[in-house]
Amino acid sequence: MTTATETETATAASKPAGKPIAAGAGGRARRLLGAAFAALVGLFLLAPVLVTIASSLTTTSYVTFPPKGLTLHWYAELLNRPEFLDSFLLSIGVAAGAAVVSTALGLAAGLAIHRYPFPGKSVLDRLFSSAFAVPTIVLGIGLLQWYAQLGMASSPLTLLLAHLVLTVPYTVRLVLAGLAGLDRSAELAAAGLGAKAPQVFWHVTLPAVRGPLIAGAFFALITSFDDLTIALFVVTTDMQTLPVRIFNYLQYNYDPTVTAVGTVMVLFAAVAVVIIERVVGVAHLFGADPEH
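This is a predicted model, so every value here is computed, not measured.

**Observations concerning the overall build of the chain**
Within the chain, the secondary structure is distributed over 13 helices and zero strands. Shown N-terminal to C-terminal, the secondary structure of the chain runs as helices and strands in the order α-α-α-α-α-α-α-α-α-α-α-α-α. Of the contacts made within the chain by residues no fewer than 6 positions apart, 70% connect residues no fewer than 24 positions apart. Accessible surface computed for the chain: about 17500 Å², of which carbon and sulfur atoms make up 70%.

**Quick notes on the packing of aromatic side chains**
Overall, the coordinates contain five aromatic pairs when judged by the stated rule. Ring geometry for Phe84 against Tyr249: centres 5.4 Å apart, planes inclined by 70 degrees, an arrangement best described as edge-to-face. In this pair, Phe84 sits in helix α3 (residues 82-115) while Tyr249 sits in helix α11 (residues 242-250), placing the two residues 165 residues apart along the sequence. Here Phe84 falls in the buried class, since its relative accessible area comes to 5%. Aromatic side chains Phe88 and Phe225 sit 6.0 Å apart centroid to centroid with 85 degrees between the ring planes, which places their arrangement in the edge-to-face category. Of this pair, Phe88 sits in helix α3 while Phe225 sits in helix α9 (residues 210-226), and the two are 137 residues apart along the sequence.

**What to know about the UniProt feature "transmembrane region" (unreviewed entry) in the chain**
Within this structure's numbering, the places UniProt gives as "transmembrane region" (unreviewed entry) are residues 32-57, 88-114, 126-148, 160-182 and 256-276. The distance from the first to the last C-alpha atom of residues 32-57 is 35 Å, and the span holds 92% helix and 0% strand. Here residues 88-114 runs as 100% helix and 0% strand, with 37 Å between its end C-alpha atoms.

**Section: the packing of helix α5 (residues 136-150) against helix α6 (residues 156-180)**
Direction vectors running N to C along α5 and α6 enclose 140 degrees, while the axes themselves pass 11 Å from each other. With respect to the hand of their crossing, α5 and α6 are arranged in right-handed fashion. Together, Thr136, Leu139, Leu143 and Tyr147 of α5 and Thr158, Leu161, Ala162, Val165 and Leu166 of α6 make up the contact between the two elements. When grouped by side-chain class, the residues that make up the contact of α5 with α6 number seven nonpolar, two polar and no charged.

**Section: the nonpolar core**
Val172, Val234 and Val235 are the most contacted members of the largest nonpolar core, which totals 23 residues. Elements with a contribution of two residues or more to this core: α3, α5, α6 and α10 (229-234). Considering each element in turn, this core owes the most residues, eight residues, to α6. Those residues in contact with Val235 that lie beyond four places of it in its chain are Ser154, Leu159, Gln240, Thr241 and Val244. Grouped together as the second largest cluster of nonpolar side chains are 16 residues, Trp74, Leu78, Val258 and Ala260 included.

**So, the side chain of Thr158**
Of note, Thr158 is situated in helix α6. A distance of 2.7 Å separates a polar side-chain atom of Thr158 from the backbone oxygen of Ser155. When near neighbours in sequence (up to four residues on either side) are disregarded, Thr158 contacts Tyr147, Met152 and Ala153.

**Describing a nonpolar patch on the surface**
Residues Leu43, Leu46, Leu50, Ile53 and Val266 make up a contiguous nonpolar surface patch of roughly 410 Å² in combined accessible area. Broken down by element, the residue count for the nonpolar patch peaks at four residues, all from helix α1 (residues 2-55). Val266 sits in the partly exposed class, given a relative accessible area of 32%.

**Observations concerning the side chain of Thr259**
By the secondary structure assignment, Thr259 is in helix α12 (residues 257-279). If we skip the residues at most four places from it in the chain, Thr259 touches Thr52, Ser55, Ser56 and Val63.

**Structural notes on the confidence of the model for the chain**
The predicted model of the chain averages 78 in pLDDT, with 85% of residues at 70 or higher. Predicted confidence in the chain is weakest over helix α13 (residues 282-285), with a mean pLDDT of 57, and strongest over α3, with 87.

**A look at α6**
In a regular helix each residue adds 1.5 Å, so 25 residues correspond to 36 Å; α6 covers 35 Å between its end C-alpha atoms and thus fits that length. When the local axis directions of α6 are compared, the greatest deviation, roughly 40 degrees, occurs at Val165, which is followed within four positions by the proline Pro169.

Parameters and conventions
The written sequence of each chain sets the order in which its residues are numbered from 1. Only residues with pLDDT of 70 or above have their local features reported here, since the model is predicted, and side-chain atom pairs are shown and tallied only from 80 upward, although totals for entire chains, interfaces and linings are computed over all residues. Each side-chain value is worked out from all heavy atoms of the structure, with water and hydrogens disregarded. Under the DSSP-based scheme used, a helix requires at least four consecutive residues in state H or I and a strand at least two consecutive residues in state E, with every element numbered from the N terminus. Any two residues whose heavy atoms approach within 4.5 Å at even a single point are treated as in contact. Each accessible area value is a Shrake-Rupley result obtained with a 1.4 Å probe; residue values ignore everything except the protein chains displayed when judging cover. A pair of Phe, Tyr and Trp rings is counted when the ring centres sit within 6.5 Å of each other, with Trp represented by its six-membered ring. The angle between the planes then sorts it: under 30 degrees is stacked, over 60 is edge-to-face, the rest tilted. Only protein chains enter the accessibility calculation, which uses a 1.4 Å probe. A residue is then buried if its area is under 20% of the maximum for its type, exposed if over 50%, and partly exposed in between. UniProt positions are given in the numbering used here, feature names are shortened, and annotations may be inferred rather than shown by experiment. Axes here mean lines fitted to C-alpha atoms, for a helix over just the part in contact, with angles spanning 0 to 180 degrees between N-to-C directions. For a crossing to be left-handed, the near helix must be turned anticlockwise from the far one by less than a right angle; the clockwise case is right-handed. Residue polarity follows a fixed list, in which Ala, Val, Leu, Ile, Met, Phe, Trp, Tyr, Cys and Pro are nonpolar, Asp, Glu, Lys and Arg are charged, and the others, Gly among them, are polar. Definition used in this section: a nonpolar core is a set of buried Ala, Val, Leu, Ile, Met, Phe, Trp, Tyr and Cys residues joined via side-chain atoms within 4.5 Å. Each polar contact in these results corresponds to two N or O atoms within 3.5 Å; when the atoms are within protein, one needs to be able to donate a hydrogen and the other to accept it, and residues that are neighboring in sequence are counted only if both atoms are side-chain atoms. Residues forming no salt bridge and having over 30% relative accessible area are the ones grouped into patches, like charges within 9 Å of each other and nonpolar side chains (Val, Leu, Ile, Met, Phe, Trp, Tyr) within 5 Å. Each reported salt bridge corresponds to a side-chain nitrogen of Lys or Arg within 4 Å of a carboxyl oxygen of Asp or Glu. The pLDDT score gives, residue by residue, the confidence of the prediction method on a 0 to 100 scale. Between the first and last residue of a helix there are one fewer steps than residues, each counted as 1.5 Å, and that sum is the expected span. The quantity called bend is, for any residue, the angle between two axes fitted respectively to the seven residues ending at it and the seven beginning at it.

Here is the structure:
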């Protein structure tokens, strides 16, 4: 009797113990499947970049993948084409200007829309939101006609103004999102302790929207540097941004020089991301908690 009872007790005790084991195995399987799916998605997204980098190393005089041999000849060839360097300097200069001006305008417009009532406030808010829905080719045609009516010749200034149409809405929306989470009691407390309005703005308001401002500047830099559609309408044969230069070059040539230029652009973007990560952290930049 005692032996049978002990056996039944041991059997009953052993049955529920199998469920956590099965659940643990199922959890591990789901994690493995999730990791495999994430790896496949990442590989799918990185595949065009990897193909471009590999194609820039080929020894052939045309773009091919997989590369036939390995050489850095096409990177050295870039030094013999000063037009690509001129276009790169123009693109990076305009992009840096767009980032700075967009940050200042976005901060001013965001504070005005969030804090102060004025006629046309709702219209201005919707205008900044609707800018994302307008096709860039429509903006390019409109800017071309507008510049023609004003008699404005193509220049880095007109290109910068055209890119601001694309970049300012990013900074405005990000600043508004940052201000929405700001507790006004901190500003009121600072003012109550004797801080003047500029001091409250510099020490309380500005640090609260620092992340959105940096994110807006980053988006403005990349959007301006990578723009092709609008730039096609406002540049000339003597003044071309790097994307426009690549586009025109591909119409008559198909050698690995363009893939070498593309690799340099990828390297530029990677360096920008590393700098952002070192300065503020990419996770913090987009509002995530880096500890989780």
